Amino acid sequence: MHSFPGVVAVGYINEAIDEGNPLRTLETLLLPTANISDVDPAHAQHYQDVLYHAKSQKLGDSESVSKVLWLDEIQQAVDEANVDEDRAKQWVTLVVDVNQCLEGKKSSDILSVLKSSASNANDIIPECADKYYDALVKAKELKSERVSSDGSWLKLNLHEKYDYYYNTDSKESSWVTPESCLYKESWLTGKEIEDIIEEVTVGYIRENIWSASEELLLRFQATSSGPILREEFEARKSFLHEQEENVVKIQAFWKGYKQRKEYMHRQQTFIDNTDSIVKIQSWFRMATARKSYLSRLQYFRDHNNEIVKIQSLLRANKARDDYKTLVGSENPPLTVIRKFVYLLDQSDLDFQEELEVARLREEVVTKIRANQQLEKDLNLMDIKIGLLVKNRITLEDVISHSKKLNKKKGGEMEILNNTDNQGIKSLSKERRKTLETYQQLFYLLQTNPLYLAKLIFQMPQNKSTKFMDTVIFTLYNYASNQREEYLLLKLFKTALEEEIKSKVDQVQDIVTGNPTVIKMVVSFNRGARGQNTLRQLLAPVVKEIIDDKSLIINTNPVEVYKAWVNQLETQTGEASKLPYDVTTEQALTYPEVKNKLEASIENLRRVTDKVLNSIISSLDLLPYGLRYIAKVLKNSIHEKFPDATEDELLKIVGNLLYYRYMNPAIVAPDGFDIIDMTAGGQINSDQRRNLGSVAKVLQHAASNKLFEGENEHLSSMNNYLSETYQEFRKYFKEACNVPEPEEKFNMDKYTDLVTVSKPVIYISIEEIISTHSLLLEHQDAIAPEKNDLLSELLGSLGEVPTVESFLGEGAVDPNDPNKANTLSQLSKTEISLVLTSKYDIEDGEAIDSRSLMIKTKKLIIDVIRNQPGNTLTEILETPATAQQEVDHATDMVSRAMIDSRTPEEMKHSQSMIEDAQLPLEQKKRKIQRNLRTLEQTGHVSSENKYQDILNEIAKDIRNQRIYRKLRKAELAKLQQTLNALNKKAAFYEEQINYYDTYIKTCLDNLKRKNTRRSIKLDGKGEPKGAKRAKPVKYTAAKLHEKGVLLDIDDLQTNQFKNVTFDIIATEDVGIFDVRSKFLGVEMEKVQLNIQDLLQMQYEGVAVMKMFDKVKVNVNLLIYLLNKKFYGK
């Protein structure tokens, strides 16, 4: 029985419940008199809902006497609400953790999340972790696909009565529906998660229960579904064992029965409703087709842009396929060729690029020739200055040559080309004919290498070398484009094969001799075109060797010995007791020499490795032409000497690639522009010796030659040489692996006939006359046949013309006293020759079948542009329509407009222009006549519908694309070459400025002092007016005692006391006058330059003579001068 205060509290609580105010209900629950435990203020709403539901149930219970909730019922309701709260939190944890795990794709965490949040941890089987994850992911993906917008609230319904809400963002929970509640529908609910887990678990148990171990069965049984499944399993297992035969029969009978019954019923239905079925089917098909059509139509409208892109892609694919057919098919069809004939048209850009190439080519050739002449003059200037220093020529001679250099530098020596209005390029028929014949002659020489190859070997070697360096390289424009490089390589190949065939008797002759063609190839590849390659190949390592000031490589034991003795004497100031002149064997007996030699060898091996690695790793940098000639050399030697071993052949290749091409550039990098040198700068002897030592080792390695005999002291490097040779061997073998020039440059006999511009060379009058003269002189050897093309051209030209006849009347004043000199200068005038074949198409007549083929191809191209057809025969036999004639006429008008803008040297012949103006039908008739002629010569065949000429057109289209690419590459290469030549010219100008400064200094010194700085033997007194330092006086005996003086010719040692020497410092720093007296009588005077003495010491000269009779120790003399005059 409840106490009175408790009854009051019950009344309050029931009133609050009826009122529906959760806060009022919470207040009453917290009344002390109510004595309700575990009341949590945060759960007020849920307390209200649970209590209200409990009271409602009680009111609805007809058997219940009381209509209010008593304290024990209230406490039960509060406890139930608290349990609900715990269950809700557990549900939230499960839902949040699982969904976040799925979103984070943390498959490895799913098991721990499920175990920590699931109501029964035994329901979670670890072996099913991956299946749980996959099933949950799949379920979440399916659910997410159906969600268009997602909120942040989760909802849980408990006991199908209460709703619990949880916000995943703010972590807020509520038992009342929140305002603006948008559910997170993409997340799996707790029920869904538990169902998936149960389904996976049950499935796994059922799958594995028949083969499970006892331990696994116990784990299965521990799950919520375990006991039921185990019971089912056992019962089913027992039954199946007992009724297996009957079960099988029943199943078979029942399946058959059901199938038959269903089939019969369906069949009868169709029979009974045939008309209806047909009508339904027709309506359905119609509706389906209409719906599909409308849907497809709308789809196309919605995706119009995408459809356009797809169509363009398909068209592009079709065009690519057609182009692949054009490029790859042996016999491309006419329909494909017709699509691409437009590629043969020449645009304004083509003409501009052709003109730019021609301009740059002229600049490059002119600059190469100018630089070569300037280099020769500078070398001559070096010699003249050297002679001046040695008093062999006067200063006036040097100044004269300097003026000549400055004139060339300033352009004053440039000879104006006045041959355009007179001379060979004048507008007279006779001179024009001569000019055209020379153009045809040089075209023949350029394209037929056999003539020049024979001519080279008819001349003496000194003449042939000059001829190669001037005329031949000029004829090929120093290989300034792909065509000329191809032709020059063909000349090299032909000449090399000729030389090996006629002049090489043994394999080693190539190595021991000095083959003309090899020399020409190396000279060309080290010239302006190949110089950049050598710089890229060697400049970094060579510069590293030069810049390493601490690097000293001296492998000559005698030099090492002398340097060591000089060092000892310079440091001590006393004469060494060691002998000055020793043999290699004697020098090697000294430990100091051995140690220095070993250090040098170690440095040499280290530095050589760097150079070797640079060479081996840069095979792709080697010029193609050089590699191709190496291949020709190897094959030609092997052909003539089939017994030669692979090693012998590769040594010959190495002799070309390394010894002749690279080795000189390593030894003298300044001489081959491998490194940049400032004007007046030079490589010192230590640096040059270092480079020479490296080159020597690489040379031995490339030829597989060991250190023996006089180099026996280097035998410790023989193993290194053998290893290096193997590296070189692979390198030389790979270097010969290059394609033929036809493949490399995409050239053939028709190339000149389809290119836009004709080849142009820039050649001096002197070179034209020289070439003409040589050809006439050796005509019997190089063109013995009377009907030879060369003989025909030489016959047309007649006698060798003079320079004056080339220049024309009035070019030189006949009364000029310096006429010979003027003609000599004018003979260097360069003219341009536009090379043409004598057998091009002229005056509308086809001279040969090749020209007729070109002419016919151009006509066919004009026809197939405007008249379609599957085969050429079909087009030629089908009359053209009026519209096709109109289109063709329009095209020809456009062609004429383009031709009017075409530069003169790029225009077609007059006959081709006339053919282009013919109507379509006349062109077709002319094509038919030409094809019949070509068929008679075997060039085409009507049996294959003239596919041969279509193949030639396809080839022209392919070549045109390649030619444009090559032209762009050539433009870039010409620009690069011109930049390099301009830099070289700038360097030469810097050298000229340096020489100018030097000569000016000489003039200033000449005005200031009329004496020379070299050793003088005049025997006279001192110049007046010069204030000198206090002289130093020694007797010969004293100097002999100090070791400075070694001996005096024709004078005994006991007479040395009668000889005195006065050493006086002159007003010029480093210059000393030395006077000798005998018994007080002045005999002679000599002038010493401290720089000359230091140079001698640097070069290892230990003893020198003064007065032609007094031998002195150079090291101790320097020591004495330093001590007495410089306080050192």
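Quick word on a positive patch on the surface
Among the surface-exposed residues, K1038, K1042, K1123 and K1124 lie close enough to one another that they form a single positively charged patch. Listed by contribution, the elements that provide at least two residues to the positive patch are α42 (1036-1042) and α44 (1114-1125). With respect to the element layout, K1038 can be found in helix α42.

Regarding the sheet that holds strand β2 (residues 162-167)
Read from one edge to the other, the open sheet built from three strands follows the order β1-β2-β3, with strand pairing classed as antiparallel. Strand pairing shows two members of the sheet lacking a second neighbour, β1 (153-158) and β3 (173-174), which therefore form its edges. Pairing of β1 with β2 involves six bridges; the strand directions are antiparallel. By the bridge assignment, L156 is partnered in β2 with Y164.

Comments concerning empty space enclosed by the protein
In this structure the tally under the stated criterion is three cavities of 30 Å³ or more. The wall of the largest cavity is formed by L1039, V1044, L1045, F1061, I1063, V1074, L1088, M1106, V1112, L1117, L1120 and L1121. Elements that contribute at least two residues to the lining of the largest cavity include exactly β8 (1059-1065) and α44. Top element by residues in the lining of the largest cavity is α44. It accounts for three residues.

Some points on the pattern of salt bridges
Within the structure shown, the criterion is met by 16 salt bridges. E544 is the salt-bridge partner of K610, the closest N and O atoms lying 2.5 Å from each other. Of this pair, K610 sits in helix α24 (residues 591-616) while E544 sits in helix α21 (residues 531-547), and the two are 66 residues apart along the sequence. On the basis of relative accessible area, K610 is assigned to the partly exposed category, the value being 33%. As a salt-bridge pair, R605 and E602 come within 3.5 Å of each other at their nearest N and O atoms. Taken together, the residues span about one helical turn, with R605 and E602 both in helix α24 at a distance of three residues.

Focus: the packing of aromatic side chains
Here the structure, examined in full by the defined rule, presents 12 aromatic pairs. Relative to F732, the ring of F728 lies with its centre 5.2 Å away and its plane at 5°, an arrangement referred to as stacked. Of this pair, F728 and F732 both sit in helix α28 (residues 718-735), separated by four residues, roughly a single helical turn. In terms of burial, F728 and F732 fall into one category: buried. An aromatic cluster is built from Y658, F728, Y731 and F732, whose rings are joined through pairwise contacts. Lying over the aromatic face of Y720, R605 brings its terminal NZ or CZ to 5.7 Å of the ring centre.

Digging into the confidence of the model for the chain
Confidence in the prediction for the chain averages 76 pLDDT; 80% of positions are at 70 or higher. Within the chain, the element-level pLDDT minimum falls on helix α14 (residues 395-410), averaging 52, and the maximum on helix α10 (residues 274-302), averaging 92. Confidence over residues 390-396 falls short of pLDDT 50; this stretch has 12 contacts with residues more than four positions distant or in other chains. Throughout residues 1009-1028 the model reports pLDDT below 50, and contacts reaching past four residues in sequence, or to other chains, amount to 36 contacts.

Section: the sheet that holds strand β7 (residues 1045-1048)
The strand order across the open sheet built from three strands is β7-β12-β11, with neighbouring strands paired in antiparallel fashion. Of all the strands in the sheet, the pair left with one neighbour each is β7 and β11 (1103-1106). Neighbouring strand axes in the sheet, compared pairwise and without regard to direction, differ in orientation by 25° on average. Summarising the sheet, β7 and strand β12 (residues 1110-1113) pair through three bridges and their orientation is antiparallel. If you follow D1047 over to β12, its bridge partner there is K1111. Its contacts with the sheet put α44 on β11 and β12, and the angle it makes with β12 is roughly 75°.

Section: the pairing of β12
Relative to β12, β11 is paired through four bridges, and the arrangement is antiparallel. Bridging from a neighbouring strand, M1104 pairs with V1112 of β12. Between β11 and β12, which pair antiparallel one after the other, the connecting turn spans three residues, and F1107 there sits at a positive phi close to 60°.

A look at the packing of helix α16 (residues 449-458) against helix α18 (residues 482-503)
Running from N to C, α16 and α18 cross one another at 45°; their axes reach a closest spacing of 9 Å. As judged from the angle between their axes, α16 and α18 are oblique. Viewed along their axes, α16 and α18 form a crossing whose handedness is right-handed. Of α18, the residues touching α16 (which contributes P449, L450, L452, A453 and F457) are K490, L491, T494, A495, E498, E499 and K503. Looking at the contact of α16 with α18, its residues break down into seven nonpolar, one polar and four charged.

Section: the side chain of N82
With respect to the helices, strands and loops of the structure, N82 is situated in helix α4 (residues 71-103). With near-sequence residues (within four places) excluded, N82 lies in contact with D38, H43 and Y47.

Some points on the environment of Q506
Tracing the sequence through the fold places Q506 in the loop between α18 and α19 (509-512). On the basis of relative accessibility, which here comes to 51%, the residue Q506 falls in the exposed class. Considered as a pair, Q506 and K640 are 134 residues apart in the sequence and their alpha carbons are 9.4 Å apart.

Notes on the nonpolar core
Grouped together as the largest cluster of nonpolar side chains are 130 residues, with contacts concentrated most on F442, Y658, F728 and L790. By residue number, the principal contributor to this core is helix α26 (residues 646-667), which donates 11 residues. The contacts of F442, once residues within four sequence positions are left out, are L475, I761, I763, I768, T771, L833 and L835. If you look at the next biggest cluster of nonpolar residues, it comprises 51 residues, including V10, I36, L158 and I193.

Details of helix α27 (residues 685-702)
Taking 1.5 Å per residue, 18 residues should reach 26 Å; α27 reaches 25 Å between its end C-alpha atoms and fits that length. Within α27, the full set of buried residues consists of Q687, N690, L691, S693, V694, A695, V697, L698, H700, A701 and A702.

So, the packing of helix α25 (residues 624-640) against α26
Here α25 crosses α26 at 145°, and the two axes come no closer than 10 Å. In terms of crossing hand, the pair formed by α25 and α26 is right-handed. Residues L626, I629, A630, L633, K634, I637 and H638 of α25 touch α26, and the partners they reach there are E646, L649, L650, I652, V653, L656, L657 and Y661. Partitioning the contact of α25 with α26 into residue classes produces 12 nonpolar, one polar and two charged.

Cut-offs applied
- Residues numbered from 1 in each chain as written.
- Predicted model: local features only at pLDDT ≥ 70, side-chain atom pairs only at ≥ 80, totals over all residues.
- Heavy atoms only, no water.
- Patch = residues over 30% accessible without salt bridge, like charges linked within 9 Å, V, L, I, M, F, W, Y side chains within 5 Å.
- Areas by Shrake-Rupley, 256 points an atom, 1.4 Å probe, with all protein chains shown as cover.
- Salt bridge = Lys/Arg side-chain N within 4 Å of Asp/Glu carboxyl O.
- Lys, Arg positive; Asp, Glu negative; His and termini not counted.
- Charge placed at Lys NZ, Arg CZ, Asp CG, Glu CD.
- Helix = DSSP H or I, 4+ residues; strand = E, 2+ residues; numbered from the N terminus.
- Pairing = 2+ DSSP bridges.
- 1 Å grid on protein atoms, 1.4 Å probe; cavity = no way out; pocket = protein on both sides within 12 Å on 5 of 7 lines; lining within 4 Å.
- Points joined across faces, edges and corners; volume = space filled by probe spheres on them.
- Buried < 20%, exposed > 50% of the residue type's maximum accessible area, 1.4 Å probe, protein only.
- Phe/Tyr/Trp six-rings, centres within 6.5 Å; stacked < 30°, edge-to-face > 60°.
- Lys NZ or Arg CZ within 6 Å of the ring centre and 35° of its normal.
- pLDDT = per-residue confidence, 0-100.
- Contact = heavy atoms within 4.5 Å.
- Axes fitted to C-alpha atoms, helices over the stretch in contact; angles between N-to-C directions.
- Parallel < 35°, antiparallel > 145°, perpendicular 65-115°, else oblique.
- Left-handed = near helix turned anticlockwise from the far one by under 90°.
- Nonpolar A, V, L, I, M, F, W, Y, C, P; charged D, E, K, R; others polar.
- Core = buried A, V, L, I, M, F, W, Y, C linked by side-chain atoms within 4.5 Å.
- Expected span 1.5 Å × (residues − 1).

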